[in-house]
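Examination of the molecular architecture
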Amino acid sequence: MTVVTRFAPSPTGRLHVGNIRTALHNWLLARRHGGTFLLRIDDTDAARSREEHVVAIRADLAWLGLDTDAEQRQSARFAIYEAAFARLIAQGRVYRCYETQAELDLRRKVLLSRGLPPIYDRAALALTEADHAARAAAGEAPHWRFLLDHDTPIAWNDGIRGAQAFDPRQMSDPVVRRADGTWLYMLPSVIDDVEMGVTDVLRGEDHVSNTATQVQMFTALGAAVPRFAHAALLTGAEGKLSKRLGSLGVADMREAGIEPQAIIALLARLGTADPVDATLDPADLAAAFDLSRFGRAPARFDEAELDRINAGVIHRLPFAAVADRLPQGMDEVAWLAIRPNLDRVAQAADWWQVITGPIVAPATDTETRNYLDAAAGIAATLDWSTDPWSALTAALKEATGRKGKDLFAPLRRALTGMDHGPDMKALLPLIGREAALRRLAG
Ligand code: GLU
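**Observations concerning the nonpolar core**
Core analysis: the largest hydrophobic core is formed by 88 residues, its most contacted members being Ile-263, Phe-301, Trp-335, Leu-392, Leu-411, Leu-415 and Leu-440. Of all the elements, helix 1 (residues 17-32) adds the most residues to this core, at 8 residues. When neighbours within four sequence positions are excluded, Trp-335 is seen to be in contact with Ile-314, Leu-317, Pro-318, Phe-319, Val-322, Leu-326, Met-330, Leu-342 and Val-345. Listed in part, the 30 residues of the second largest apolar core include Ala-84, Val-190, Ile-191 and Val-208.

Structure representation (structure tokens):
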């Protein structure tokens with residue numbers, strides 16, 4: 001069977017780490033099985049949906065490398081929802097209600113005060129056609145609830161949580177349509193999943209109770225229930241996802257110099273016991289994606305870990321992947337030389353400045369000055385076409401008897417103005433003969 005998954009964001013804001021993770025899980029599962037990954041824009045709520053968010057969601061997914069096979073928009077599918085809804089009316093699986101929010105709140109309070117679960121009492125089921133006609137004549141429009149089948153226990157084998165069971169008698173019939181005719185999330189999502197042939201629904205644990213009611217909606221629509229899996233929610237390093245981390249978006253991370261591969265590599269493994277590697281190609285992550293690796297404990301999202309993986313990714317990024325973000329003139333040889341010293345690509349500019357100069361010459365004492373003069377003398381006689389650093393340091397060792405730090409550190413400081421940095425063997429040819437001689441001469 002082919003696998004069809006979907007990512008269904010509501011375009012009411014930017015993507016944040018939590019829903020990026022959901023998108024990723026669905027992408028990984030689809031790619032793992034050579035299936036289809038759909039983007040479904042859940043924009044039934046016209047008041048809260050914004051086109052700019054749709055555009056941003058697409059851009060964020062593209063930047064992350066999560067390619068979609070097709071895009072659907074719920075706002076373009078109202079006719080399909082009407083048709084399915086008409087079938088549910090004909091089957092008596094949806095019914096009209098008129099309770100106001102205040103009435104419902106009051107009933108809930110009464111039930112709770114008696115120690116009873118606050119389940120909707122289905123009072124509206126007792127209304128006759130004459131009652132409905134009277135309401136309509138009074139200008140009152142109904143909202144609609146889905147009639148749960150109390151005689152069919154709800155159960156599914158969750159891809160992450162294992163066997164799940166819910167008693168429909170302990171649940172309220174969910175409101176699926178408002179009095180003004182607008183849709184709540186629950187039913188259109190099921191109609192879409194049926195119509196788009198979605199085989200696997202992967203989402204956060206906060207949707208488990210939705211799944212319980214949606215399972216019966218699939219059946220009512222005469223469709224097979226897809227496989228469901230609910231991932232444990234993310235928490236921050238301190239056990240709770242802070243407001244800041246929770247709203248951390250692609251744009252924030254991108255501006256902070258985080259590479260998409262780092263985000264993908266971390267989020268693909270969070271919640272599993274598998275190690276997080278700085279994987280460059282998400283296809284490799286897809287090949288290893290396995291729901292059974294996920295645990296039920298909350299997954300810790302740690303920014304320090306993201307930074308570590310980000311550095312690992314940068315140390316492996318090929319020149320072609322970063323060329324358009326490097327300073328003018330910086331070539332592949334230079335990139336490969338400085339790459340191991342970066343934890344942000346933007347830092348390449350600092351090292352490029354060190355290479356091309358000018359640098360601030362460090363202060364030197366007389367002994368060091370003499371040593372550097374000797375170095376300048378030798379450097380002038382060297383063959384610069386192959387490994388001048390090794391030749392220079394070997395000759396200086398011979399001439400001065402210096403070794404280790406005494407041999408290397410003054411040279412690095414004079415040549416780069418820094419005490420640390422990329423391998424001098426790679427750096428010196430980039431600095432070049434002319435500049436190196438000048439810098440050694442002080
Ligand atoms: N639009 C819903 C949400 O963002 C989709 C949930 C789902 O069915 O995956 O929560």
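**Focus: the environment of Thr-36**
When you line up the elements, Thr-36 lands in strand 2 (residues 36-41). With a relative accessible area of 30%, Thr-36 lands in the partly exposed category. Sequence separation between Thr-36 and Gly-197 is 161 residues; the distance between their C-alpha atoms is 10.0 Å.

**Digging into the layout of surface pockets**
Of the voids in this model, the largest pocket is the one considered here, and its volume is about 650 Å³. In this structure, the largest pocket is lined by 35 residues; those nearest its centre are Gly-18, Asn-19, Thr-22, Asp-206 and His-207. Listed by contribution, the elements that provide at least two residues to the lining of the largest pocket are strand 1 (4-7), helix 1, strand 9 (200-204) and strand 10 (227-231). The element that contributes the greatest number of residues to the lining of the largest pocket is helix 1, accounting for 6 residues.

**Structural notes on the pairing of strand 9**
The buried count for strand 9 comes to 5 of 5 residues, which makes it a mostly enclosed element. One ladder, built from 5 bridges, connects strand 9 with strand 10; its direction is parallel. Residue pairing for strand 10: Arg-203 is matched across the bridge by His-230. Since strand 9 and strand 10 lie parallel, the crossover through helix 7 (residues 208-220) that links them has a hand, and here it is right-handed.

**Examining the sheet that holds strand 4 (residues 94-97)**
In any sheet, the strands associate via hydrogen bonds between backbone groups, in a parallel or an antiparallel arrangement. Spatial ordering of the open sheet is given by 4-5-8, a layout of 3 strands whose pairing is antiparallel. Taken across any chain shown, the strands that pair with only one partner, and hence form the sheet edges, are strand 4 and strand 8 (175-177). Averaged over all pairs of adjacent strands, the angle between strand axes in this sheet comes to 45°, irrespective of strand direction. Across 4 bridges, strand 4 lies against strand 5 (residues 143-146) in antiparallel orientation.

**So, the sheet that holds strand 3 (residues 70-73)**
On the basis of which strands lie adjacent, the open sheet formed by 3 strands has the order 1-2-3 and parallel pairing. Lying at the two open borders of the sheet, with one neighbouring strand each, are strand 1 and strand 3. Pairs of neighbouring strands in the sheet enclose a mean axial angle of 30°, with direction left out of account. Sheet analysis places strand 1 next to strand 2, joined by 4 bridges and oriented parallel. Considered in strand 2, the bridge of Arg-6 is made with Leu-38. Across the face of the sheet, helix 1 comes into contact with strand 1 and strand 2 while running at roughly 165° to strand 1.

**Considerations on the packing of helix 16 (residues 366-381) against helix 17 (residues 388-400)**
Any two packed helices are characterised by the angle at which their axes cross and by the distance between the axes. Helix 17 packs onto helix 16 with a crossing angle of 130° between their chain directions and a minimal axis gap of 10 Å. Relative to helix 17, the element helix 16 is oriented oblique. For the pair helix 16 and helix 17, the sense of crossing is right-handed. Contacts between helix 16 and helix 17 involve Tyr-371, Ala-374, Ala-375, Ile-378 and Ala-379 from the first element and Leu-392, Ala-395, Leu-396, Ala-399 and Thr-400 from the second.

**Brief notes about the packing of helix 18 (residues 404-416) against helix 20 (residues 433-441)**
At a minimum axis distance of 8 Å, the contact between helix 18 and helix 20 shows a crossing angle of 115°. It follows from the interaxial angle that helix 18 and helix 20 lie roughly perpendicular. Where helix 18 crosses over helix 20, the two elements pack in a sense that is right-handed. Here Leu-411, Ala-414 and Leu-415 of helix 18 lie close against helix 20, whose contacting residues are Ala-436, Arg-439 and Leu-440.

**A short note on the side chain of Arg-177**
For Arg-177, the location among the structural elements is in strand 8. With a relative accessible area of 10%, Arg-177 lands in the buried category. Looking at Arg-177, its side chain comes within polar contact range of the side chain of Glu-82, at 2.5 Å.

**Comments concerning helix 7**
Across its 13 residues, helix 7 extends 19 Å between first and last C-alpha, which sits within 8% of the 18 Å expected from 1.5 Å per residue. The buried count for helix 7 comes to 11 of 13 residues, which makes it a mostly enclosed element. One or two positions beyond helix 7, positive phi appears at Gly-222, with a value near 75°.

**Points about unusual backbone geometry**
Negative phi is the rule for most residues except glycine; trans is the rule for most peptide bonds. The step from Gly-357 to Pro-358 runs through a cis peptide bond, and the omega angle for that step is 0°. Its place among the elements puts Pro-358 in the loop between helix 15 (348-356) and helix 16. Even without glycine at this site, Arg-122 takes up a positive phi of about 60°. Judged by relative accessible area, which is 19%, Arg-122 ranks as buried. Positive phi, close to 35°, is recorded for Asp-387, a residue that is not glycine. As for its placement among the helices and strands, Asp-387 is situated in the loop between helix 16 and helix 17. The exposure class of Asp-387 is partly exposed, given its relative accessible area of 27%.

**So, empty space enclosed by the protein**
Remark: the empty space left among the atoms is shown by a probe the size of a water molecule rolled over them. Applying the stated rule across the entire model yields 1 cavity of 30 Å³ or more. Around the largest cavity, the lining residues are Ala-268, Arg-269, Thr-272, Asp-274, Leu-285, Ala-288, Phe-289, Asp-290, Arg-293 and Phe-294. Looking at the lining of the largest cavity, its residues break down into 5 nonpolar, 1 polar and 4 charged.

**A word on the site of the ligand**
Taken together, Arg-6, Ala-8, Ser-10, Asp-42, Tyr-185, Ser-189, Arg-203 and His-207 make up the full set of residues adjacent to the ligand. Of the pockets mapped on this structure, the ligand occupies the largest pocket. Each residue belonging to the shell around the ligand can be placed in one class, and the counts come to 2 nonpolar, 3 polar and 3 charged.

Quick notes on the rules
What you see as residue numbers is a count from 1 along each chain, following the sequence as written. With the structure being a predicted model, the display of local features is reserved for residues of pLDDT at least 70 and the display and counting of side-chain atom pairs for 80 or more, all residues being used for whole-chain, interface and lining totals. Based on all heavy atoms of the structure, the side-chain values leave hydrogens and waters out of the count. Definition used in this section: a nonpolar core is a set of buried Ala, Val, Leu, Ile, Met, Phe, Trp, Tyr and Cys residues joined via side-chain atoms within 4.5 Å. A 1.4 Å probe rolled over the protein chains alone gives each residue an accessible area, and that area as a share of the maximum for its type sets the label: buried under 20%, exposed over 50%, partly exposed in between. What counts as a helix is a DSSP run of H or I of at least four residues, what counts as a strand is a run of E of at least two, and both are numbered from the N terminus. Contacts were defined at the residue level, with two residues in contact if any of their heavy atoms lie within 4.5 Å. We place a 1 Å grid over just the protein atoms. Points where a 1.4 Å probe fits but has no way out form a cavity, open points with protein on both sides within 12 Å along at least 5 of 7 lines form a pocket, and any residue with an atom within 4 Å of a point lines it. Grid points are joined across faces, edges and corners, and a volume is the space filled by probe spheres set on the points. Paired strands are those between which DSSP finds at least two bridges. Convention used here: a crossover is right-handed provided that the path from the first strand, over the helix, to the second strand proceeds clockwise when the strands point away from the viewer. Where helices are involved, their axes are fitted lines through C-alpha atoms of the stretch in contact, as for all axes, and angles between N-to-C directions lie from 0 to 180°. Here is the rule for angles: anything less than 35 degrees is roughly parallel, anything more than 145 is roughly antiparallel, 65 through 115 is roughly perpendicular, and the remaining ranges are oblique. In this scheme the crossing of two helices becomes right-handed for a clockwise turn of the near helix relative to the far one and left-handed for an anticlockwise turn of less than a right angle. Any pair of nitrogen or oxygen atoms within 3.5 Å is treated as a polar contact; in protein, a donor-acceptor pairing is required on top of that, and neighbouring residues in sequence qualify only through side-chain atoms on both sides. Working rule for helices: expected span equals 1.5 Å times residues minus one. Here the nonpolar group is Ala, Val, Leu, Ile, Met, Phe, Trp, Tyr, Cys and Pro; Asp, Glu, Lys and Arg are the charged ones; every other residue, Gly included, is treated as polar. Here, proximity means that at least one heavy atom of the residue falls within 4 Å of the molecule or strand. To decide whether a molecule occupies a pocket or cavity, check its atoms: if more than half lie within 2 Å of the grid points, it is inside.

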